[in-house]
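Summary of structural features
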Amino acid sequence: MTGTTPAAPPAPSPAIAVDAMGGDHAPEEIVKGAVRAVREHGVRLVLVGRLPELASLLSKEGARGEIPVVHAEDALAMHEGALASWRRPRSSVAVACRLIRRGDASALVSAGSTGGVVATSTVRLRPQPSVLRPALAVALPTRPVPTVLLDAGANADAKPEMLVQFAHLGAAYAHTAHGVAEPRVAMLTIGSEPGKGNKLARKTAELLSATSAGPTGQSWLDFRGNIEGHDLLSGEVDVVVTDGFTGNVALKSVEGAVRFAFDTVREALGSTAVSRAGTLLQRKSLRGLRDRFDSETYGGAVLLGLNGTAVIAHGDSRAQGIERACLLAHELAAGRIVDQVRRRIGPSARSAGRLHRKAGNEGQGSG
């Protein structure tokens, strides 16, 4: 009787590279969050940063042998912006990107300077073929699933063709992270009616409408038209597209409004003995509402369109925020978000090229 050789178990996916030196509370809170992600969710991680500090912190957590450490002698300061990618080639973010390029890591998590992380990731990982610019995507706390807003600050100046690609990046993210089969896409502008907005908005809407049907007639993008700022949290669409300047202003406005509302409610709930008693009875519901609107719940922004995935947590993230960012990076890597983007951007780029050639020919014919 001839025995059969058992099939080899599948190779584990590459670990998530965590920038342990980035953030207002690094490296202590970063290490704590990483340990929680490993122990509670089984996420494979590698910490990148100064080895002596990280080894000591891991020992305090009783996790010295649980998470490997890759030494990086330098770190991005929180005030550093785009030039940091050239000034600090040995930073923990740069070393983490090197691990991704070598195939030793599948994604990056950092709570460092957004400008520095975006610039370093873009230089080290490089945009995917046909991607004009990477974009920052953030999850807004809508129901039943979060709404993806992009670009949230990576590109202050954008062209219509870039925003069309942002729509496809956002659709890939909504599908991979939130399980939306056919993401509904809208563009953020000053009016919901067709033709509203500046030249960038009008041209983008025109291109999105023209490229919403794929070359085989199948729907590549479910474009629903324009959306206004007061509908960002309505949940009417799954992806909202805009340029980085507008998106960042909109995001900070929403965050500020939510913070103001919660501070006002907290003040009102503690103003009288009766209201304080009522608060005690509603603790569970209030805690759930707070968690829903807490930015740390969603793990941070995701830089899409690179040959690798970068999750940028809030700079003031504590252990919970880092834990969620690690989990988000793991889910995106497991869902092969880079491949999802590649499949969407390729056809959309070819479709955009045909539209531009057609427009050029029509312009020559009318001359």
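Residues numbered from 1 in each chain as written. Predicted model: local features only at pLDDT ≥ 70, side-chain atom pairs only at ≥ 80, totals over all residues. Heavy atoms only, no water.

Here we come to the packing of helix H6 (residues 160–178) against helix H7 (residues 199–210). Two packed helices can be described by the angle between their axes and the distance between those axes. Put simply, H6 and H7 touch, their axes get as near as 9 Å, and they point 50° apart. On the basis of the axis angle, H6 is oblique to H7. You can see that H6 and H7 cross each other, and the crossing is right-handed. Facing H6, whose interface residues are Pro160, Glu161, Leu163, Val164 and Ala167, H7 presents Leu200, Lys203, Thr204, Leu207 and Leu208. When the residues that make up the contact of H6 with H7 are grouped by side-chain class, the tally is 7 nonpolar, 1 polar and 2 charged. (Axes fitted to C-alpha atoms, helices over the stretch in contact; angles between N-to-C directions. Helix = DSSP H or I, 4+ residues; strand = E, 2+ residues; numbered from the N terminus. Parallel < 35°, antiparallel > 145°, perpendicular 65-115°, else oblique. Left-handed = near helix turned anticlockwise from the far one by under 90°. Contact = heavy atoms within 4.5 Å. Nonpolar A, V, L, I, M, F, W, Y, C, P; charged D, E, K, R; others polar.)

This paragraph deals with the confidence of the model for the chain. When pLDDT is averaged along the chain, the result is 83, and 78% of the positions lie at 70 or above. With pLDDT under 50 throughout, residues 215–219 is counted as low confidence; its partners more than four residues away or in other chains account for 4 contacts. When the criterion is pLDDT under 50, residues 355–367 qualifies, and its contacts beyond four places in sequence or with other chains add up to 4 contacts. (pLDDT = per-residue confidence, 0-100.)

Okay, H6 next. Here H6 is 19 residues long and its end C-alpha atoms lie 26 Å apart, about the 27 Å a rise of 1.5 Å per residue gives. Judged by how many residues are buried, H6 sits mostly within the fold: 16 of 19 residues are covered. Downstream of H6 by one or two residues, glycine 179 has phi in the positive range, about 70°. (Expected span 1.5 Å × (residues − 1). Buried < 20%, exposed > 50% of the residue type's maximum accessible area, 1.4 Å probe, protein only.)

Inspection of the secondary structure puts glutamine 340 in helix H12 (residues 337–365). Since its relative accessible area comes to 19%, glutamine 340 is described here as buried. The residues contacting glutamine 340, other than those within four sequence positions of it, are Ala172, His175, Thr176 and Gly335.

We now examine the pattern of salt bridges. Scanning the entire structure with this criterion turns up 10 salt bridges. Aspartate 339 is the salt-bridge partner of arginine 336, the closest N and O atoms lying 2.7 Å from each other. Between arginine 342 and aspartate 339 there is a salt bridge; the shortest N-O distance is 2.7 Å. One end of the pair, arginine 342, and the other, aspartate 339, are both in helix H12, 3 residues apart, so they sit about a helical turn from each other. Given the relative accessible area of 41%, arginine 342 is considered partly exposed. Relative accessible area serves as the criterion here: at 18%, aspartate 339 is assigned to the buried category. By sharing partners, the salt bridges in this structure join Arg336, Asp339 and Arg342 into a single network. (Salt bridge = Lys/Arg side-chain N within 4 Å of Asp/Glu carboxyl O.)

Time to look at the packing of helix H1 (residues 28–41) against helix H11 (residues 319–334). Look at H1 against H11: their axes get within 7 Å of each other, and the N-to-C directions meet at 50°. In terms of orientation, H1 lies oblique with respect to H11. With respect to the hand of their crossing, H1 and H11 are arranged in right-handed fashion. Judged by residue contacts, Glu29, Ile30, Lys32, Gly33, Ala34, Arg36, Ala37, Glu40 and His41 of H1 engage Ala319, Gln320, Ile322, Glu323, Cys326 and Leu327 from H11. Tallied by class, the residues present in the contact of H1 with H11 amount to 7 nonpolar, 3 polar and 5 charged.

Of all hydrophobic cores here, the largest spans 65 residues; its most connected members are Leu45, Leu47 and Leu150. Broken down by element, this core gets its largest block of residues, 10 residues, from H6. In this view, leucine 45 contacts Ala15, Ile16, Val18, Ala34, Ala37, Val38, Ile67, Pro68 and Cys326; residues no more than four positions away in its chain are not counted. Counting 37 residues, the second largest nonpolar core, distinct from the first, contains Ala96, Ala105, Val237 and Val240. (Core = buried A, V, L, I, M, F, W, Y, C linked by side-chain atoms within 4.5 Å.)

The subject of this paragraph is the pairing of strand S5 (residues 135–140). Extensive coverage of S5 is indicated by the burial of 6 of its 6 residues. Of the two faces of S5, the one holding Ala135, Ala137 and Ala139 and the one holding Leu136, Val138 and Leu140 are both buried throughout. With 4 bridges joining them, S5 and strand S6 (residues 147–150) adopt antiparallel strand pairing. In the sheet register, alanine 137 faces S6, and the bridge partner there is leucine 150. (Pairing = 2+ DSSP bridges.)

The next subject is unusual backbone geometry. In this chain, alanine 26 is followed by proline 27 through a cis amide linkage whose omega measures -5°. If you trace the backbone, proline 27 turns up in the loop between strand S1 (15–19) and H1. In this model, leucine 150 is joined to aspartate 151 through a cis peptide bond whose omega is 5°. With respect to the helices and strands, the residue aspartate 151 is situated in the loop between S6 and H6.

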